[in-house]
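One-letter residues, chain by chain:
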Amino acid sequence: MASLDDPGEVREGFLCPLCLKNLQSFYQLQSHYEEEHSGEDRDVKGQIKSLVQKAKKAKNRLLKREGDDRAESGTQGYESFSYGGVDPYMWEPQELGAVRSHLSDFKKHRAARIDHYVVEVNKLIIRLEKLTAFDRTNTESAKIRAIEKSVVPWVNDQDVPFCPDCGNKFSIRNRRHHCRLCGSIMCKKCMELISLPFANKLTSASKDSLSTHTSPSQSPNSVHGSRRGSISSVSSVSSVLDEKDDDRIRCCTHCKDTLLKREQQIDEKEHTPDIVKLYEKLRLCMEKVDQKAPEYIRMAASLNAGETTYNLEHAGDLRVEVQKVYELIDALSKKILTLGLNQDPPPHPNTLRLQRMIRYSATLFVQEKLLGLMSLPTREQFEELKKKRKQEMERKKILERQVDLESQRRFEERQSDLASRAANGDVVSLQGGPAPLRKAEGWLPLSGSQGQSEDSDPLLQQIHNITSFIRQAKAAGRTDEVRTLQENLRQLQDEYDQQQTEKAIELSRRQAEEEDLQREQLQRLCEREWEREREQFRAASLHTRTRSLDFREIRPFQLEPSREPPTHLAYALDLGSSSVQSSAALETPSPITALEPVRVWSGPPAIGQESFPQSIMSQQNELASLNPFDEEDPSSPTAEGTTSPPATEPSFGPSAYILKEYNPFEEEEEEGVAGNPFTNPDGPAPNPFDEEDEDPHQRPSSPPVPGNPFEEGTCTNPFEMDSDSEPEGEEPIEEELLLQQIDNIKAYIFDAKQCGRLDEVEVLTENLRELKRTLAKQKGGTH
Amino acid sequence: MNVVFAVKQYVSKMIEDSGPGMKVLLMDKETTGIVSMVYTQSEILQKEVYLFERIDSQNREVMKHLKAICFLRPTKENVGYLIQELRRPKYSIYFIYFSNVISKSDVKSLAEADEQEVVAEVQEFYGDYIAVNPHLFSLNILGCCQGRNWDPAQLSRTTQGLTALLLSLKKCPMIRYQLSSEAAKRLAECVKQVITKEYELFEFRRTEVPPLLLILDRCDDAITPLLNQWTYQAMVHELLGINNNRIDLSRVPGISKDLREVVLSAENDEFYANNMYLNFAEIGSNIKNLMEDFQKKKPKEQQKLESIADMKAFVENYPQFKKMSGTVSKHVTVVGELSRLVSERNLLEVSEVEQELACQNDHSSALQNVKRLLQNPKVTEFDAARLVMLYALHYERHSSNSLPGLMMDLRNKGVSEKYRKLVSAVVEYGGKRVRGSDLFSPKDAVAITKQFLKGLKGVENVYTQHQPFLHETLDHLIKGKLKENVYPYLGPSTLRDRPQDIIVFIIGGATYEEALTVYNLNRTTPGVRIVLGGTTVHNTKSFLEEVLASGLHSRSRESSQVTSRSASR
């Protein structure tokens, strides 16, 4: 048991359980066992006893912290005992890692910038408004110019000898032009024009928005409203007119640029693309499903169990409702998928990709949530279910009563047992006195015990019972009984602890064994690979011969690794094997106590060892049952004798086996393999995460335009069908189901076609035809 | 301490914070890899993220009805792209998350570009590493060192990755490093520097025993990455190559179109999760069970759908069947290919000799076996070279070292010059002169007895005898016996108690064999949690590239080959 502390040691070789000698194989171990330890019964007991004591110590160490409620916490403690550490997959969830926000900093910088920007834009728009506020066509040019000049001071001609934008020198031919919005100068080439409608659009939009300003964080500096009236200052400056601008306003590129941006913003705000509208509806439907589906599933589960909490009709209604939502989702997502496909300039590939992805996720959603909707029982079925449940309940009641009786009987046995022990002597006898009385007024397990009766371990159950007895006795003020009961309880707990320890030890041992096995298996594979090689080449080099010797040695062990793990355990012979036995014995606690009276107990210190005889007994049993190897013996020697060809034949090593198995399977596979991009998250589905951007380029080539099965799908509008079939009472659900399935199969076909798996398409088409025929038949029948 | 979970939480938080509505995830090359390791497509779709775009992709369309979640590394280029993006926003609103510390000036220039006020969030979320398994992370850096010293760019990336890891796990550790490695010391100092500089970030609730960061150098154990592996994950990486959980199967003869590239992720592939640490033989039997299971569920091809119930059953089972068939076909293909390679390359025999070279000290028998295998025509030049490398590493100073003879044999076998040069390069990389500790002969009495006993008993499995050197190091560390003169602390304070939370980082790359060791240590040592990381996760091929990239020995001539990082196979 010392090896418990160092799991690395446990796994190596076949240790003799008694002398801890390390042996090379099972056979050696067995022969060693027979030679050295036969007839050492007494010694065996002693050895095992010491092992048990060690285990107990280990257990105590582990349980030190757990104190009183050890019965409860036992199992948890042992889990870590068997593994030691924790699988990284099981590490407890952690909180979100560190984060740092730069938003406030960002906003500060942006605000400074935006203020500037917004002021600029607003200034331009106000000026624009002034420039368009009067009737341009009916005003003479001089007047226009005067007004224009009053809106913004023009830059002095002399100050600008070159066009600031293109750098050309101004001359008589290359004249200066002024921007009406900012007053700057540029040449004719660099001049831009603003049409009146454009100007109107901008000014009217800003009039609307200025009251309720656009972006939430827009600074307060933005100009509120604009004042008119600057028109009054009409000057009488007469100047030479080159052109008359009745329907447009000259400006520089910079101003125009700013205004264009502004226009774009206005446009976007007003325009909601179709896809968004559809998508919003889709999400609404999904939310609805998320609400309703769980409710329905709860109802259906309860109804199917024959309970009468919910109304069958009500559930039916809900089902229809949920199914309708599902159809809506399906229809909406299909619509999204086909949006704009018929437009002349086909939509941008990314738009198509977006639509496809939305459809895909809707399909995923539907598959996950709605295809799993369980069906409701029909009325007759429901009646039957109800009856069945009633019977079940009755049976349960009877069972419970039996359990009650049983526990009472056990309790009584125990009491009488105590009495008989008490009769054996000492102080206890005084307390044992009232035993006969108790029969009549035995403590009943408290009400809580019903829940506890589910405890898998009978010992635990017993412990609970006794605890409740103690409580009752205490309440009744019978201290003497309390004492006996407490002692009883202590014994039980000790027993339970022992059992748990043994279980834990066995668990860890089995762990080790398993690992051993696994390793062995790899070796087996390798050996067989070798063996095959040898057969192929028949090159009997010295090396190979030694290997095959090895092989023979280990082989018998490997022959049955899966069939006889228990015997393995027995062979490695650890404490664990005993626990299997002893726990079996403990299942009916009364027999134990029945045995006990034979022994004379020296007192409390011995109590802890109570179950030794049990484990010893079981050990002996185990020794006897080691014989399974005798059964093996006749077969294995023959295997050993004829080592290679016949023995290795059937098990050429998994790899070879796989290869053989693998090919025929592949063929069949073909049609199945074909990863459905809809259903195959971890399969070979095309993945947008692809680092190479191939996907977006490839995909657009196969948008589902021609022969799109979905178009057919949309033709058979489920809603019309629905209203058709609804009045028919019984039928509609089935028909809906059919339609639904037809749609689904169509989707699969579409899918398969896209991936170019024709065989699959065929199977699916066949199905589809069947379905359609059924549908037609049904319709014929009902109409 | 679960690194996969840590990154996943970050991503979930980003998506959550952006509220309802259609979303697009804008990423760069590296963050794409980071996210794809923790989220599957279908999982993320259900959170309304429908598009995934690269920030540097020019082909993006204006879609004002989408919200954009940007998860980017804070590099100069990314900030540049983002500024362009904000000037002419393509989406309605932007939630920006940087995977590491971003400078104030970058925040400022971003803010100034956001004239249309589309940015709603700017945060640092420290998911700046590739989370491979709950206890294993990588930075996907191949060739981190020039000679014995850091490539400066990679040093800063590694520092960022390591500090991000610490932040995401909320650990402010004490640091120990391998004294014999200059690179380890340098990295330790850089990490410390960041911790000091960003001290506000590293203020976490104190634990009783502070966590420990141990920085090691691959040079100390060049043996482990040279060995063939027999556990599923490690074996797949060794023979097929795993790249961000993806496996390229396009070279498998007769592979079907769907299986050109498969994803092996323990997060959503139950079979893989249960089998990744088991050895090849067990996988074989498990996969057989999986197939039998599958065959039972498989609908009959010509199944007549006679009743509505039949059809209903068919339709309801179909998705599950599909999913299962995906798993089955994937693993059957992978395992089939593995076993094909094993027999084609005679790997069982090769591996046995490798293990002997790595674990035993019998020179003459080892030499004899290597010589014998070099004569075997089935042994590939790659395997032949690695056997000689192992020999050269182990018996570098042996009195009757006959490396020249073996090199002759290699030449006679027709092994290309590239591989022959690599033999000396590997010795230069991880030879005795470089190693800080003794890789082959045990030092203390306990270890000697252990080995003696082992020799007496014979080994359980010849193919998995080898224990990575890391096991011993960690074992000593956990027991508080790791020598301070070999692995000193950075700074004056030392750990008085036994460590509980340990982060080990290997410069020059970890291996899946070491990941398995750490996994087992986690499972068997109560109260200790260990996370392993490396600049990358190596197989032999990538390790040799790493050696080549470090430019030791033949610096000028071979440098051209560094660039050819073909798919590992």
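Going by the annotation in an unreviewed UniProt entry, the name recorded for chain B is Vacuolar protein sorting-associated protein 45, with Mustela putorius furo given as the source organism. Here is the UniProt Sequence similarities (unreviewed entry) comment for chain B, exactly as written: "Belongs to the STXBP/unc-18/SEC1 family." As its UniProt record puts it under Function (unreviewed entry), chain B is described as follows: "May play a role in vesicle-mediated protein trafficking from the Golgi stack through the trans-Golgi network."

Looking at an unreviewed UniProt entry, one finds chain A named Rabenosyn, RAB effector, with Mustela putorius furo as its source organism.

## Looking at the confidence of the model for chain B
Summarising the model, chain B shows a mean pLDDT of 86, and 89% of its residues fall at 70 or more. For the stretch residues 554-569 of chain B, pLDDT sits under 50, and the model shows 26 contacts to residues farther than four places along the chain or on other chains.

## Describing unusual backbone geometry
All names here are of chain B. Located in the positive-phi region is asparagine 244, a residue other than glycine, with phi close to 50°. Its place among the elements puts asparagine 244 in the loop between strand S12 (242-243) and strand S13 (246-248). The backbone of asparagine 346 shows a phi angle near 60°, a positive value even though the residue is not glycine. In this fold, asparagine 346 is placed in the loop between helix H11 (308-344) and helix H12 (347-359).

## Things to note about the nonpolar core
Counting 229 residues, the largest nonpolar core has Ile329(A), Tyr94(B), Ile215(B) and Ile507(B) as its most contacted members. Tallying contributions element by element places helix H14 (residues 381-394) of chain B first for this core, with 10 residues. Beyond its immediate chain neighbours, meaning those up to four positions away, Ile215(B) contacts Leu162(B), Ile175(B), Arg176(B), Tyr177(B), Gln178(B), Ala184(B), Leu187(B), Ala188(B), Phe505(B) and Ile507(B). If you look at the next biggest cluster of nonpolar residues, it comprises 31 residues, including Cys163(A), Cys179(A), Ile249(A) and Cys251(A).

## Quick look at the pairing of strand S10 (residues 174-177) of chain B
Residue and element names in this part refer to chain B. With burial as the criterion, each face of S10 is covered, one bearing Met174 and Arg176 and the other bearing Ile175 and Tyr177. Judged from the four bridges that link them, S10 and strand S11 (residues 212-217) form a sheet pairing that is parallel. Residue pairing in the sheet places methionine 174 in a bridge with leucine 212 of S11. Tracing the backbone out of S10, into helix H7 (residues 182-197) and back to the parallel element S11 gives a crossover that is left-handed.

## A word on the packing of aromatic side chains
Residues and elements named next belong to chain B. Per the counting criterion, the structure on display carries 14 aromatic pairs over all chains. Each ring, one from tyrosine 97 and one from phenylalanine 125, has its centre 4.7 Å from the other, and the planes form 45°; the classification is tilted. Of this pair, tyrosine 97 sits in strand S4 (residues 93-98) while phenylalanine 125 sits in strand S5 (residues 119-125); the two residues are 28 residues apart in sequence, bridging distant segments of the chain. The class for tyrosine 97 is buried, based on a relative accessible area of 0%.

## Considering the state of the cysteines
Applying the stated criterion to the full structure yields zero disulfides over all chains. With no disulfide of its own, Cys179(A) lies 3.6 Å from the sulfur of Cys182(A), the closest cysteine sulfur. Sulfur of Cys145(B): no disulfide; nearest cysteine sulfur belongs to Cys144(B) and is 3.8 Å away. Take Cys145(B): its relative accessible area is 10%, and that puts it in the buried class.

## Digging into helix H8 (residues 232-239) of chain B
Given 3.6 residues to a turn, an α-helix orients residues that are three or four positions apart in the same direction. Buried residues dominate H8(B), accounting for eight of its eight residues. Taken together, the buried positions of H8(B) are occupied by Tyr232(B), Gln233(B), Ala234(B), Met235(B), Val236(B), His237(B), Glu238(B) and Leu239(B).

## As for the pattern of salt bridges
Side-chain pairing between opposite charges can occur once the charged atoms of the two side chains come close. Summed over the entire model, instances satisfying the criterion amount to 48 salt bridges over all chains. Between Asp105(A) and Lys108(A) there is a salt bridge, and its shortest N-O distance comes to 3.7 Å. Of this pair, Asp105(A) and Lys108(A) both sit in helix H5 (residues 103-132), three residues apart, roughly one helical turn. Looking at Asp105(A), the relative accessible area reads 15%, which means it is buried. On the basis of relative accessible area, Lys108(A) is assigned to the exposed category, the value being 55%. One salt-bridge network, in which partners are shared between bridges, spans Glu238(B), Arg345(B), Glu354(B), Asp383(B) and Arg386(B).

## Structural notes on the sheet that holds S4(B)
Taking strand neighbours across the sheet as the criterion, the six strands line up as S3(A)-S5(B)-S4(B)-S3(B)-S1(B)-S2(B) in an open arrangement whose pairing is mixed. The outermost strands of the open sheet, each flanked by one partner alone, are strand S3 (99-101) of chain A together with strand S2 (49-54) of chain B. On average, each strand axis in the sheet is inclined to that of its neighbour by 20°, with strand direction left out of account. Note: S3(A) against S5(B), three bridges, orientation antiparallel. Looking at the pairing, Val99(A) lines up with Phe125(B) of S5(B). Helix-sheet contacts for helix H1 (residues 3-17) of chain B involve S3 of chain A together with strand S1 (23-27), S2, strand S3 (67-72), S4 and S5 of chain B, and the interaxial angle to S5(B) is about 170°.

Rules used in this analysis
Residues numbered from 1 in each chain as written. Chains lettered and ligands numbered in written order. Predicted model: local features only at pLDDT ≥ 70, side-chain atom pairs only at ≥ 80, totals over all residues. Heavy atoms only, no water. UniProt positions renumbered as here; feature names shortened; annotations may be inferred. pLDDT = per-residue confidence, 0-100. Contact = heavy atoms within 4.5 Å. Helix = DSSP H or I, 4+ residues; strand = E, 2+ residues; numbered from the N terminus. Core = buried A, V, L, I, M, F, W, Y, C linked by side-chain atoms within 4.5 Å. Buried < 20%, exposed > 50% of the residue type's maximum accessible area, 1.4 Å probe, protein only. Pairing = 2+ DSSP bridges. Right-handed = clockwise from strand over helix to strand, strands pointing away. Phe/Tyr/Trp six-rings, centres within 6.5 Å; stacked < 30°, edge-to-face > 60°. Disulfide = S-S within 2.5 Å. Salt bridge = Lys/Arg side-chain N within 4 Å of Asp/Glu carboxyl O. Axes fitted to C-alpha atoms, helices over the stretch in contact; angles between N-to-C directions.

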